[in-house]
Amino acid sequence: MSASSHPPDPSLPPTPPGGAPGSRYSILAEGLTRRWGDKVALDHLDLAVPRGVVFGLLGPNGAGKTTCVRILTTLLRPTGGRAVVGGHDVVAEPRAARHRIGLTGQEPAVDEILSARRNLEMFGRLFHLDARRARHRAGELLERFGLTEAADRAPGTFSGGMRRRLDLAASMILAPEVLFLDEPTTGLDPRGRMEVWEAIRELARAGTTVLLTTHYLDEADRLSDRIALVDNGRKVVEDTPIGLKRAIGGDRIEVVAREPADLPAVAAVLARVADAAAPVVEEHELRVHASVRDRIAALTEVTRELHARGTEVEDIGLRRPTLDEVFLRVTGSSAVSVVPTRTATEEVGR
Ligand SMILES: Nc1ncnc2c1ncn2[C@@H]1O[C@H](COP(=O)(O)OP(=O)(O)OP(=O)(O)O)[C@@H](O)[C@H]1O
Ligand SMILES: [Mg+2]
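The rules behind the values
Per chain, the residues get numbers from 1 upward, laid out in the order the sequence is written. Chain letters and ligand numbers both follow the written order, the letters beginning at A and the numbers at 1. A pLDDT threshold of at least 70 governs which residues receive local features in this predicted model, and a stricter bar of 80 or more applies before side-chain atom pairs are shown or counted, although totals over entire chains, interfaces and linings include all residues. No hydrogens and no water enter the side-chain calculation; it runs on all heavy atoms of the structure. Residues are labelled near a given molecule or strand when at least one of their non-hydrogen atoms is within 4 Å of it. Two N or O atoms form a polar contact when they lie within 3.5 Å of each other; inside protein one atom must be a possible hydrogen donor and the other a possible acceptor, and for residues adjacent in sequence the pair counts only when both atoms belong to side chains. The protein chains shown are the only cover counted for residues, whose accessible areas, like all others here, come from Shrake-Rupley with a 1.4 Å probe. In DSSP terms, a helix is any run of H or I states spanning at least four residues, a strand is any run of E spanning at least two, and both are numbered starting from the N terminus. Expected span of a helix, by definition, is 1.5 Å for each gap between consecutive residues, and there is one gap fewer than residues. Burial status follows relative accessibility: with a 1.4 Å probe on protein chains alone, a residue under 20% of its type maximum counts as buried, one over 50% as exposed, and anything between as partly exposed. Should any heavy atoms of two residues lie within 4.5 Å, those residues are counted as being in contact. By definition here, a salt bridge exists when the distance from a side-chain nitrogen of Lys or Arg to a carboxyl oxygen of Asp or Glu is within 4 Å. As a per-residue measure, pLDDT reflects the predictor's confidence and takes values from 0 up to 100. Among the buried residues, those of types Ala, Val, Leu, Ile, Met, Phe, Trp, Tyr and Cys that are joined through side-chain atoms within 4.5 Å form a nonpolar core. Two strands are counted as paired when DSSP detects at least two bridges linking them. Angles here are taken between N-to-C directions and fall from 0 to 180 degrees, while the axes themselves are lines fitted to C-alpha atoms, restricted in helices to the stretch in contact. Think of it this way: a Phe, Tyr or Trp ring, Trp meaning its six-membered ring, pairs with another when their centres are within 6.5 Å, and the plane angle makes it stacked under 30 degrees, edge-to-face over 60, tilted otherwise. Counted as over-ring charges are cases with an Arg CZ or a Lys NZ within 6 Å of the ring centre that also lie within 35 degrees of the ring normal.

Sorry, what's going on with the site of ligand 1 here?
With respect to spatial proximity, 14 residues lie near ligand 1, and among them Gly62, Lys65, Thr66, Thr67 and His215 are the closest. A distance of 3.1 Å separates an oxygen atom of ligand 1 from a polar backbone atom of alanine 63. The contact in question runs from an oxygen atom of ligand 1 to an N or O atom on the side chain of threonine 67, over 2.5 Å. Protein contact buries 65% of the 640 Å² of open area that ligand 1 shows by itself. Sorting the residues of the shell around ligand 1 by element identifies β2 (39-50) and α1 (65-72) as the ones contributing at least two each.

Dropping the structure here:
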């Protein structure tokens, strides 16, 4: 799926700047449900995504993310509930809704034989840009996605990451009011991911609402204003990234000891700054950790105290809960890669 499936309908008036008038929400869904026989792929999902927000939809394989995106982009009819996108009901007014939507699906969709540049120009023409503007926009997008040098080659000769970037560029031809990105960075290398993130942020700054699905919690964490975790077609929890992390506990201080014999001393030091529970000692890892309220004060005090006692340690740092931990906590299974988010690290006692 790509932007190519959504040429604007000439019988409709152009989208007013900022989208449908009068609505604070770009996406509203109530009780959205999709069954396949006995299987419930999407189970009474409610969503309210304000305009200009980046909304992350996260969940393990088969959770219902793509099903949700397909319904919201009018490609699949729900078997229950309703959804309004860009001010238009996706079932009753699919053409009007489509007019306000951009989509990059899980599968690449650009033409294999035309050059990258010609592909983007063609999308521009499909969206009724004149030849000069289509050429100009193609050039801008090629530049933004680091494809200028490869512009005159056919996507058939591209790496997976380059094709992904071209596909994204195609869905951004017109900076739509609402952009749906189904796993936009799957298969990209770190640099490619960062380029895509920057493009998404730029679009959001310009007022586009973005709904993105991802398996990467670090990606959802960095990009999203709000995140919904889905599992078995149901929304398990929805909050800001910070809110989600806060919900499962605060910051942690972690110290890695040099010797097993140092562990009691390290635990005693951490006990002084721990907010409630006693420090946890992981003997195998030579690690002691404790949750703390004031992270910087805790780090300072622990560092000073260890130094005063002459206890040398391997590592000391502050850590925030990752969204992986949130996911594990709320679904009992991990969706994804574990990305450590050590936020400060410092060696002492040397
Ligand atoms: N055409 C179909 N016929 C029958 N079942 C389907 C169909 N499409 C999706 N499903 C089922 O609906 C459920 C949700 O699928 P969906 O593709 O929405 O998951 P997803 O969250 O996008 O997963 P992934 O992370 O693997 O992309 C799955 O159990 C899937 O097998
Ligand atoms: Mg999917």
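Following the structure, the description resumes.
How should I be thinking about helix α5 (residues 160-171) in this particular structure?
Along an α-helix, residues three or four positions apart point the same way, because every turn accommodates 3.6 residues. End to end, α5 covers 17 Å across twelve residues, agreeing with the expected 16 Å (1.5 Å per residue, within 8%). Counting buried residues along α5, ten of its twelve residues qualify, which places the element largely inside the surrounding structure. Taken together, the buried positions of α5 are Gly161, Met162, Arg164, Arg165, Leu166, Asp167, Leu168, Ala169, Ala170 and Ser171. Packed against the buried residues of α5 are β6 (101-104), α3 (116-126), α4 (131-144), β7 (178-182) and α6 (190-205).

What's the story with α3 in this structure? I'm lost.
Of all the positions in α3, only Ala116, Asn119, Leu120, Glu121, Phe123 and Gly124 are classed as buried. Histidine 128 lies just past α3 and shows a positive phi near 70 degrees.

Just checking my understanding: could you explain the pattern of salt bridges for this structure?
With the rule as written, the count across this model stands at 27 salt bridges. With its nearest N and O atoms 2.8 Å apart, the salt bridge here joins arginine 234 to aspartate 43. Pair noted here: arginine 234 is in strand β10 (residues 234-239) and aspartate 43 is in strand β2, with a separation of 191 residues, a long-range link. Between arginine 82 and aspartate 89 there is a salt bridge, with its nearest N and O atoms 3.8 Å apart. Via salt bridges that share partners, Arg252, Glu254, Glu282, Glu285, Arg287 and Arg319 belong to a single interconnected network.

What should I look at first to understand the environment of glycine 161 in this one?
Looking at where glycine 161 falls in the secondary structure, it is placed in helix α5. Distance from glycine 161 to glycine 192, taken between C-alpha atoms, is 6.8 Å for residues 31 residues apart in sequence. Beyond its immediate stretch of four places on either side in the chain, glycine 161 contacts Gly187 and Leu188.

Mind showing me how you'd approach the confidence of the model for the protein here?
In low-pLDDT regions, the fine details of the predicted coordinates are not to be read closely. The share of residues in the protein with pLDDT of 70 or more is 87%, and the mean pLDDT across the chain is 84. Long-range and interchain partners of residues 1-20, a stretch whose pLDDT sits below 50, account for 52 contacts in this model, where long-range means more than four residues apart. Counting interchain partners and residues more than four positions distant, the pLDDT-below-50 stretch residues 334-350 has 51 contacts.

How should I be thinking about the nonpolar core in this particular structure?
Nonpolar side chains in soluble globular proteins generally cluster together in the buried interior. In terms of nonpolar packing, the biggest core is built from 35 residues, with Leu120, Phe145 and Met172 touching the most fellow members. When residues of this core are traced back to their parent elements, those giving at least two are α3, α4, α5, β7, α6 and β8 (209-214). Take this core: its biggest share by element is six residues, from α6. Non-local contacts of leucine 120, meaning those with residues more than four positions away in its chain, are made with Ala138, Leu141, Leu142, Leu166, Ala169, Ala170 and Ile173. Core analysis: the next-biggest nonpolar cluster, separate from the first, contains 27 residues, Phe55, Leu72, Ile101 and Phe180 among them.

How should I be thinking about the sheet that holds β10 in this particular structure?
Through backbone hydrogen bonds, the strands of a sheet pair up, either in parallel or in antiparallel fashion. Strand order across the open sheet formed by six strands is β6-β7-β8-β3-β9-β10, with mixed pairing between neighbours. Pairing within the sheet leaves two strands with one partner each, and these edge strands are β6 and β10. Adjacent strand axes in the sheet meet at a mean angle of 15 degrees, parallel and antiparallel pairs treated alike. Relative to β7, β6 runs parallel, the two being bridged by four bridges. For threonine 104, the partnering residue across the bridge sits in β7 and is leucine 181. Where α1 meets the sheet, its contacts fall on β3 (54-58), β6, β7, β8 and β9 (226-231), and the angle it forms with β8 comes to roughly 150 degrees.

I'm lost on the packing of aromatic side chains in this one. Help?
Each aromatic ring pair is described using two quantities: the centre-to-centre distance and the angle formed by the ring planes. One pass over the full model with this rule turns up zero aromatic pairs. Positioned over the ring face of tryptophan 36 is arginine 34, at 4.1 Å from the centre of the ring.

Just checking my understanding: could you explain the side chain of histidine 88 for this structure?
Here histidine 88 shows up in strand β5 (residues 88-89). The buried category is assigned to histidine 88, whose relative accessible area is 16%. Within the structure, histidine 88 has its side chain in polar contact with the side chain of glutamate 93 (distance 3.1 Å). A polar atom in the side chain of histidine 88 sits 2.9 Å from the side chain of arginine 100.

Hey, could you run me through the pairing of strand β4 (residues 80-85) in this one?
If a strand is regular, its side chains alternate between the two faces of the sheet. Examined bridge by bridge, strand β1 (residues 25-36) and β4 share five bridges and lie antiparallel to one another. When the sheet's bridge partners are listed, glutamate 30 is paired in β4 with arginine 82. In textbook terms, the turn of a hairpin is the stretch between consecutive antiparallel strands, and for β4 and β5 this stretch comprises two residues, one of which, glycine 86, has a positive phi near 60 degrees.

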